[in-house]
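Remarks on the overall topology
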Amino acid sequence: AASNILKGFNPPYSATVIKKLEEAGAVLVAKANMDSFGHGASTENSDFGPTKNPHDVTRVPGGSSGGSAAAVVLGMTPFSIGTDTGGSIRQPASFTGSVGLKPTYGLVSRFGVVAMASSTDVIGPITTSIEDSALVLEVISGKDQRDPTTIDRDNVNYTDLDSDIKGRTFGVIKEYMDEGVDPKVISKIEAAVKAIENAGGIIKQVSLPQIKYALAVYYIIMPAEVSSNLSRYDGVRFGYSSPDGTDLDAAYDFTRSQGFNDEVKRRILIGAYVTSSGYADEYYKKAQTVRTKIINDFEAGFKDVDALIGPTAPTTAFAFGENTGDPLKMYLSDIMTVAANLAGIPAICIPAGKVDGLPVGLQVMARQKQDRELLGLAQGIETALGGEQ
Ligand code: GLN
């Protein structure tokens with residue numbers, strides 16, 4: 001998890017995902033860099049230093065799975081694995097020009113994976129093509145006795161894709177093509193929409209009025225779950241243990257204050273605050289209510305379309321240091337990825353060309369458990385875009 005608190009930790013068992021990949025013949029070559037515990041959008045919160053963007057080394061690769069994305073784009077490995085709690089597979093895919101898939105919540109076992117926010121965490125692949133993405137999903141998905149939150153894959157074959165987009169309907173999310181999004185990103189997405197239309201896709205405009213609350217809701221629910229999940233790092237059973245504590249409470253305090261970085265601490269504090277008595281109704285419970293409204297919005301939005309589309313991130317890769325001084329600015333990078341996590345729906349980022357030498361990612365979302373359909377439509381779009389630069 002690129003964290004000092006787990007520095008040198010040697011896991012005594014393997015995650016189900018790793019086991020499944022190894023059984024299928026894959027060779028695990030390395031662990032990639034990331035923002036510590038998945039908290040970030042640039043890898044600048046890694047306790048081991050940042051990863052650089054292969055397209056421009058003065059810029060970030062996105063995050064939190066920035067190392068995974070950079071490794072694939074550099075051809076170091078044909079695919080990598082990331083987790084996506086609020087965009088950590090799709091946003092680095094967007095910044096590096098790779099394909100990043102966040103499957104339906106529960107489709108991939110999380111046994112053996114460091115938990116961030118348990119109600120949105122999903123594991124998925126970063127690849128250079130939809131075909132590779134489907135190949136990896138085929139191997140890693142399915143019910144796991146060791147993760148009771150997994151769902152059945154219903155005998156779906158993810159590699160048998162229907163990629164004909166003729167006559168299929170795509171809803172452009174109105175709220176994602178609005179102010180706050182870099183006009184150059186918008187024009188690239190508009191060009192991609194045109195290409196989908198030219199390939200026979202039917203384009204509609206869809207409004208999701210509650211989606212504007214998704215970022216605020218995410219930054220209440222996610223820290224609440226983070227503060228609970230990270231309470232296990234107490235220096236007693238595993239990981240870093242501070243030598244400075246003279247009694248048990250002091251040992252916890254020293255271990256956690258020395259072992260966690262500032263961003264991790266910020267989220268633990270926010271999470272403890274929004275769930276504390278006196279504030280839980282105002283923040284945590286209200287956020288859960290609005291989360292349901294966002295889910296209902298998606299349900300209505302999918303009524304007349306096969307998929308919803310829009311940008312993955314509001315900007316292209318930003319420069320190192322550009323957002324580190326202001327956490328809110330950093331959080332804004334997640335504004336278009338978090339809604340899919342809150343709703344548990346599958347979403348994918350596909351390269352849609354470049355502006356000023358930097359990649360732009362098109363995001364495609366589908367209904368829950370429509371991962372095969374999503375990959376098919378994404379492959380049709382991939383062909384329609386034709387490796388467009
Ligand atoms: N950038 C988001 C965050 O900082 C997403 C992180 C993730 O998906 N792990 O929370």
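Residues numbered from 1 in each chain as written. Predicted model: local features only at pLDDT ≥ 70, side-chain atom pairs only at ≥ 80, totals over all residues. Heavy atoms only, no water.

With that settled, consider the pairing of strand 4 (residues 169-173). For strand 4, a buried count of five out of five residues is recorded, marking the element as mostly surrounded by other parts of the structure. By the alternation rule, side chains of strand 4 split into Thr 169, Gly 171 and Ile 173 and Phe 170 and Val 172, which are all buried. Where strand 4 meets strand 5 (residues 202-206), five bridges bridge the pair, whose relative direction is parallel. Of the residues in strand 5, the one forming a bridge with Thr 169 is Ile 202. The handedness of the strand 4 to strand 5 crossover, carried by helix 5 (residues 183-198), is right-handed. Pairing of strand 4 with strand 6 (residues 307-311), which is carried by three bridges, proceeds in the parallel orientation. Residue pairing in the sheet places Phe 170 in a bridge with Ala 307 of strand 6. (Buried < 20%, exposed > 50% of the residue type's maximum accessible area, 1.4 Å probe, protein only. Helix = DSSP H or I, 4+ residues; strand = E, 2+ residues; numbered from the N terminus. Pairing = 2+ DSSP bridges. Right-handed = clockwise from strand over helix to strand, strands pointing away.)

This brings us to the sheet that holds strand 5. A sheet is described by the order of its strands in space; here eight strands give the open sequence 1-3-2-7-8-6-4-5, paired in mixed fashion. At either end of the open sheet lies a strand with only one pairing partner, and these are strand 1 (80-84) and strand 5. Each adjacent strand pair in this sheet contributes to an overall mean axis angle of 30 degrees, direction not counted. Inspection of the sheet shows strand 7 (residues 347-355) paired to strand 8 (residues 358-365) by seven bridges, in the antiparallel sense. In the sheet register, Lys 354 faces strand 8, and the bridge partner there is Pro 359. (Axes fitted to C-alpha atoms, helices over the stretch in contact; angles between N-to-C directions.)

The next subject is the pattern of salt bridges. Pairs can form between side chains of opposite charge whenever their charged atoms are close. Following the criterion strictly, the structure yields twelve salt bridges and no others. Residue Asp 147 is joined to Arg 110 by a salt bridge in which the shortest nitrogen-to-oxygen separation is 3.9 Å. Residue Asp 147 is found in the loop between helix 4 (130-140) and strand 4, and its partner Arg 110 is found in the loop between strand 2 (99-102) and strand 3 (122-127); the two are separated by 37 residues along the sequence. Under the relative-accessibility criterion, Arg 110 is labelled buried at 15%. With its nearest N and O atoms 3.3 Å apart, the salt bridge here joins Glu 197 to Lys 194. (Salt bridge = Lys/Arg side-chain N within 4 Å of Asp/Glu carboxyl O.)

One full turn of an α-helix is made of 3.6 residues, so residues set three or four places apart face in the same direction. For helix 7 (residues 248-259), built from twelve residues, the straight-helix expectation of 16 Å at 1.5 Å per residue is met to within 8% by its first-to-last C-alpha distance of 16 Å. Looking only at helix 7, the buried set comprises Ala 250, Thr 255 and Gly 259. Buried residues along helix 7 cover an arc of 135 degrees about the axis, so they all sit on one side. Among the exposed residues of helix 7, those pointing more than 90 degrees away from its buried face are Asp 249 and Asp 253. Structurally, the start of helix 7 carries an N-cap: the backbone nitrogen of Asp 249 is 3.2 Å from a side-chain oxygen of Asp 247. (Expected span 1.5 Å × (residues − 1). Arc of directions from axis to C-beta. Polar contact = N/O pair within 3.5 Å; in protein donor to acceptor, adjacent residues only side chain to side chain.)

Turning to the site of the ligand, a few remarks are in order. As a matter of local geometry, the ligand sits amid 16 residues, with Thr 85, Gly 86, Ser 88, Tyr 218 and Asp 334 nearest to it. Residue Ser 64 places a side-chain N or O atom 3.5 Å away from a nitrogen atom belonging to the ligand. Protein chains shield 99% of the accessible area of the ligand, which is 290 Å² for the free molecule. One can see that the ligand is located within the largest cavity. For the shell around the ligand, the leading source of residues is helix 6 (residues 214-229), giving three residues. Of the residues assigned to the shell around the ligand, the class counts are five nonpolar, eight polar and three charged. (Near = heavy atom within 4 Å. Areas by Shrake-Rupley, 256 points an atom, 1.4 Å probe, with all protein chains shown as cover. 1 Å grid on protein atoms, 1.4 Å probe; cavity = no way out; pocket = protein on both sides within 12 Å on 5 of 7 lines; lining within 4 Å. Sits in = over half its atoms within 2 Å of the grid points. Nonpolar A, V, L, I, M, F, W, Y, C, P; charged D, E, K, R; others polar.)

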